[in-house]
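The chain contents come next:
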Amino acid sequence: MKFAGNKEGLVHMASPIDRPVNLDLTTLNFPITAIASILHRVSGVVLFLGSPVLLALLALSLDGEAGFSDALALFEHGLFAFVVWGILAALSYHFVAGIKHLFMDMGYGETLESGPLFAKISLVLAVTLMILAGVWIW
Amino acid sequence: MVTSVLNYGRSGVHDWIVQRFSALVLAAYTLVMVGWLAMNGSDLTFLQWQGFMGQTWIRIFSLLAIVAMAAHAWIGLWTVATDYMKHRGLRVGFLGLIAISIFVYVVWGVSILWGF
């Protein structure tokens, strides 16, 4: 609301009905840019939690012929394959969102039009990579 | 600008720069590893894998990626912790756990890379 300075505007501003209200945040929808941002954080935390899984897998895979076959055999277990896919999915999103972030550092994708567009593009690219990761594992 | 003794470099600008350079290292490492595995993965043998990971440049690149991950994860998780954890004791405890985890990742990573 503009503080226009005309008489009507002043009366309007002074009206008790239009006083600011505490917004109930649970009823607000996040814009896609906010969703893109929070997913970047969530995927980063997932990657931190997933790192020991990848390190353990690396250690096993390099522990001789037997360890290497054991590492490959782990993927026969559905749960393990799903966990690795989850890590790769987080990596897919974090990678794409990170590159988007670098573009935004350079001043691209920061306007009201290009921001949501960049968020949409990064989500589509990340989902594509997640599907490819799934095809790769299974 | 938020400054804190718990910042990576005790300066927001320093953290900002470190976060971006570590991101570039991690992105490059991801492309190399995923690219190599995608090209060789379906019928990969142990000897191929051992030969690839045993090359000096891959060992150094992997160590660089682990160090970059340590800095990147610390700055990222510091940001997350200071944004969402209002209780100081909880936040400091959480960040302490993160610091110890990162240290373990680094030492473990070095032992894997030079232990085979």
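Reading the values: the criteria
Residues numbered from 1 in each chain as written. Chains lettered and ligands numbered in written order. Predicted model: local features only at pLDDT ≥ 70, side-chain atom pairs only at ≥ 80, totals over all residues. Helix = DSSP H or I, 4+ residues; strand = E, 2+ residues; numbered from the N terminus. Rg over C-alpha atoms; globule rule 2.2 N^0.38 Å. Buried ≥ 20, exposed ≤ 12 C-beta atoms within 10 Å, placed from the backbone. Contact = placed C-beta atoms within 7 Å. Bend = angle between axes of the 7 residues up to and from the residue. Expected span 1.5 Å × (residues − 1). Nonpolar A, V, L, I, M, F, W, Y, C, P; charged D, E, K, R; others polar. Axes fitted to C-alpha atoms, helices over the stretch in contact; angles between N-to-C directions. Parallel < 35°, antiparallel > 145°, perpendicular 65-115°, else oblique. Left-handed = near helix turned anticlockwise from the far one by under 90°. Core = buried A, V, L, I, M, F, W, Y, C linked by C-beta atoms within 7 Å. pLDDT = per-residue confidence, 0-100.

1. So, the overall build of chain B
- The helix and strand tally for chain B stands at 4 helices and 0 strands.
- Starting at the N terminus and ending at the C terminus, chain B contains elements arranged as α-α-α-α.
- Taking 13 Å as the expected radius of gyration for a compact globule of 116 residues, we find that chain B reaches 17 Å, considerably beyond that expectation.
- With the principal axes as the frame, chain B shows a C-alpha extent of 50 × 25 × 25 Å.

2. Considerations on the overall build of chain A
- Each helix and strand counted, chain A has 5 helices and 0 strands in total.
- Across chain A, helices and strands are ordered from the amino to the carboxyl terminus as α-α-α-α-α.
- Every one of the 138 residues in chain A was classed for burial, and the buried ones make up 18%.
- A sequence separation of at least 24 residues applies to 71% of the contacts in chain A between residues at least 6 apart.

3. Regarding helix α2 (residues 32–61) of chain A
- Residue Gly50 of chain A marks the point of greatest curvature in α2 of chain A, where the axis turns by about 35 degrees; the proline Pro52 of chain A follows within four residues.
- Burial in α2 of chain A covers these residues: Ala36, Ser43, Gly44, Leu47, Phe48 and Ser61 of chain A.
- In this fold, the buried residues of α2 of chain A make contact with α3 (64–74), α4 (78–105) and α5 (114–137) of chain A together with α2 (46–54) and α3 (56–84) of chain B.

4. Things to note about α3 of chain B
- In this model, α3 of chain B (29 residues) spans 41 Å end to end at C-alpha, consistent with the 42 Å of a helix rising 1.5 Å per residue.
- By the burial criterion, the buried members of α3 of chain B are Ala65, Ile66, Ala68, Met69, His72, Ala73, Trp74, Ile75, Gly76, Leu77 and Trp78 of chain B.
- Each element contacted by the buried residues of α3 of chain B is listed here: α2 of chain A together with α1 (12–40) and α4 (88–113) of chain B.

5. Re the interface of chain B and chain A
- The partner chain A presents 17 residues to the 17 residues of chain B that form the contact.
- Going through the elements one at a time, α1, α2, α3 and α4 of chain B are the ones with two or more residues in the side of chain B that touches chain A.
- Classifying every residue of the side of chain B that touches chain A by side-chain character gives 12 nonpolar, 4 polar and 1 charged.

6. A look at the packing of α2 of chain A against α4 of chain B
- One way to put it is that α2 of chain A packs onto α4 of chain B with a least axis distance of 10 Å and a crossing angle of 15 degrees. Accordingly, the angle class assigned to the pair α2 of chain A and α4 of chain B is roughly parallel. In this structure, the crossing between α2 of chain A and α4 of chain B has a hand that is left-handed. Between α2 of chain A and α4 of chain B, the contacting residues are Ser51, Pro52, Leu55, Leu58 and Ala59 of chain A on the first element and Tyr105, Trp108, Gly109 and Ile112 of chain B on the second.

7. Focus: the packing of α4 of chain A against α5 of chain A
Residues and elements named next belong to chain A.
- Where α4 contacts α5, the axes come no closer than 9 Å and their chain directions differ by 150 degrees. It follows from the interaxial angle that α4 and α5 lie roughly antiparallel. The element α4 and its partner α5 pack so that their crossing is right-handed. Residues Ala81, Val84, Trp85, Leu88, Ala89, Ser92, Tyr93, Val96, Ala97 and Lys100 of α4 form the contact with α5, whose participating residues are Phe118, Ser122, Leu125, Ala126, Leu129, Met130, Ala133, Gly134 and Ile137.

8. Quick word on the nonpolar core
- Counting residues in hydrophobic clusters, the biggest one holds 27 residues, and the most contacted among them are Ala90, Leu91 and Tyr93 of chain A together with Met69, Ala73 and Trp74 of chain B.
- Taken together, the elements giving at least two residues each to this core come down to α2, α4 and α5 of chain A together with α1 and α3 of chain B.
- Setting aside chain neighbours within four positions, we find Ala73 of chain B in contact with Phe48 of chain A together with Ile102 of chain B.

9. Describing the confidence of the model for chain B
Residue and element names in this part refer to chain B.
- Overall, the predicted model of chain B reaches an average pLDDT of 92, with 95% of residues at or above 70.
- No element of chain B has a lower mean pLDDT than α1, at 95, and none a higher one than α2, at 97.
- Scored as a complex, the prediction yields pTM 0.86 and ipTM 0.92.

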